[in-house]
Amino acid sequence: MTRYVCLSSDANEDYAFFAPLTSLFWSLRGYRPIVLFVGTPMQWMAISDLQLVVQKTRETGAEIYWIGDDLAPRTSTVAQCARLFVAALTMISDEDMLTVSDMDMWPLGSWISDGVDNRKLTVHYANAYQGETELHYPMCYLTAPSLIWRSIVSCERGLRDTLQAMLLQAPTNPDGAWNWDERWISNRISTRLGYPSNVH
């Protein structure tokens, strides 16, 4: 069993800057980082700062995948949502554990190895949105075996095609698009897992 963590960023240099640092922290905690960059290698390599980000991220041992920037009007929305479908990658087996996280959050606490149920979806910060009327879980952090991820997001068509279909449902206005990934996955969790018995 391999423990993977999925991180993502568009070409916003202030945010992409974290990629090598965050990948290194996760590697030191025993995770294999998968980093999704929105855009193409040619676009990123044309900018010296982003070229350095890619180079240093690779040096941490992270697997880098490129997601085209043509799937939604806002590349930040593509980056946020793409993480949800990383279980579609064929390199990940059903029993591998997969954590979804934010690029600018580092795994420094003991929670990273404690309290994870290898048979369920673990929501590490389940109380983040207390008081909201609809179920709303944050993306930092969700952990589950890849088999469970695949049952939640139904990614048989592959990462890009499944992501594209999901983005067709996304709001186009900035306020609605922000946190769309969290609202979408929370709805799927509540309707696909025998909720709440299979959530830890």
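Every value quoted in this text rests on a predicted model; they were computed, and no experiment measured them.

Conventions we followed
Residues numbered from 1 in each chain as written. Predicted model: local features only at pLDDT ≥ 70, side-chain atom pairs only at ≥ 80, totals over all residues. Heavy atoms only, no water. Helix = DSSP H or I, 4+ residues; strand = E, 2+ residues; numbered from the N terminus. Rg over C-alpha atoms; globule rule 2.2 N^0.38 Å. Buried < 20%, exposed > 50% of the residue type's maximum accessible area, 1.4 Å probe, protein only. Contact = heavy atoms within 4.5 Å. Areas by Shrake-Rupley, 256 points an atom, 1.4 Å probe, with all protein chains shown as cover. Lys, Arg positive; Asp, Glu negative; His and termini not counted. Charge placed at Lys NZ, Arg CZ, Asp CG, Glu CD. 1 Å grid on protein atoms, 1.4 Å probe; cavity = no way out; pocket = protein on both sides within 12 Å on 5 of 7 lines; lining within 4 Å. Points joined across faces, edges and corners; volume = space filled by probe spheres on them. Nonpolar A, V, L, I, M, F, W, Y, C, P; charged D, E, K, R; others polar. Pairing = 2+ DSSP bridges. Axes fitted to C-alpha atoms, helices over the stretch in contact; angles between N-to-C directions. Parallel < 35°, antiparallel > 145°, perpendicular 65-115°, else oblique. Core = buried A, V, L, I, M, F, W, Y, C linked by side-chain atoms within 4.5 Å.

K.L.:
Looking at this structure, I do not really get the overall build of the chain. What am I missing?
P.N.:
Counting its secondary structure elements, the chain contains nine helices and six strands. Taking 16 Å as the expected radius of gyration for a compact globule of 200 residues, we find that the chain reaches 16 Å, a close match to that expectation. Its C-alpha atoms give the chain principal-axis dimensions of about 50 × 40 × 35 Å. For the chain, with 200 residues in total, the buried portion stands at 50%. Sequence-distant contacts, at least 24 apart, represent 76% of the contacts inside the chain between residues at least 6 apart. Looking at the chain as shown, the accessible area adds up to about 9500 Å², and 51% of this sits on carbon and sulfur atoms. Looking at the chain, you have 15 positive and 22 negative side-chain charges, and the mean spots of the two groups are 6 Å apart.

K.L.:
What am I meant to see in the layout of surface pockets here?
P.N.:
It is the rolling of a water-molecule-sized probe over the atoms that shows where space remains empty. Its boundaries defined by the atoms lining it, the largest pocket holds a volume of some 330 Å³. Of all the elements in the fold, those that place two or more residues in the lining of the largest pocket are β1 (3–9), α5 (75–82) and α9 (180–192). Ranked by the residues each element gives to the lining of the largest pocket, the list is headed by α5, at three residues. Taken together, the residues that form the lining of the largest pocket break down as seven nonpolar, seven polar and six charged.

K.L.:
Looking at this structure, how should I read the sheet that holds β1?
P.N.:
Backbone-to-backbone hydrogen bonds join strands into a sheet, with any given pair of strands oriented parallel or antiparallel. The strand order β3-β2-β1-β4-β6-β5 describes an open sheet built from six strands, whose pairing is mixed. The sheet is open, and its two borders are formed by β3 (63–67) and β5 (122–123), each paired with just one other strand. Inspection of the sheet shows β1 paired to strand β4 (residues 97–100) by four bridges, in the parallel sense. Across the sheet, residue Val5 finds its bridge partner in β4, namely Thr99. Its contacts with the sheet put helix α2 (residues 19–28) on β1, β2 (32–38) and β4, and the angle it makes with β2 is roughly 160 degrees.

K.L.:
Before we go on, may I ask you to explain the pairing of β4 in this structure?
P.N.:
Every other side chain in a regular strand lies on the same face of the sheet, so the side chains alternate between the two faces. A two-sided burial pattern is seen for β4, the buried positions comprising Met97 and Thr99 on one face and Leu98 and Val100 on the other. In terms of strand pairing, β4 meets strand β6 (residues 142–145) through four bridges, oriented antiparallel. If you follow Leu98 over to β6, its bridge partner there is Ala144.

K.L.:
Got a minute to help me understand unusual backbone geometry in this structure?
P.N.:
Apart from glycine, the bulk of residues carry a negative phi angle, and the bulk of peptide bonds sit in the trans form. Residue Tyr141 follows Cys140 across a cis peptide bond; omega there is 10 degrees. Mapping Tyr141 onto the fold places it in the loop between β5 and β6. Non-glycine residue Ser154 carries a positive phi angle of around 50 degrees. Mapping Ser154 onto the fold places it in the loop between α6 (146–153) and α7 (159–167). Overall, the relative accessible area of 25% leaves Ser154 in the partly exposed class.

K.L.:
Looking at this structure, I do not really get the packing of α2 against helix α4 (residues 48–59). What am I missing?
P.N.:
Relative orientation and spacing of two packed helices are given, respectively, by the angle between their axes and the distance between those axes. Interhelical geometry of α2 versus α4 gives an angle of 10 degrees and a closest axis separation of 8 Å. Relative to α4, α2 is oriented roughly parallel. Facing α2, whose interface residues are Ala19, Pro20 and Ser23, α4 presents Val53, Lys56 and Thr57. Of the residues that constitute the contact of α2 with α4, the class distribution is three nonpolar, two polar and one charged.

K.L.:
Could you clarify how one ought to interpret the nonpolar core in this entry?
P.N.:
Side chains that are nonpolar tend, in soluble globular proteins, to be buried together. Phe85, Trp149, Leu163 and Ile185 are the most contacted members of the largest nonpolar core, which totals 42 residues. Looking at this core, the elements that each hand over two or more residues are β1, β2, α5, β4, β6, α6, α7 and α9. Setting aside anything within four residues of it in sequence, one finds Phe85 in contact with Val153, Cys155, Leu159, Thr162, Leu163, Met166 and Trp184. Ranked by size, the runner-up nonpolar core spans 17 residues in total, among them Leu7, Trp44, Ala62 and Ile64.

The quantities given are spatial measurements derived from coordinates; they are silent on function.
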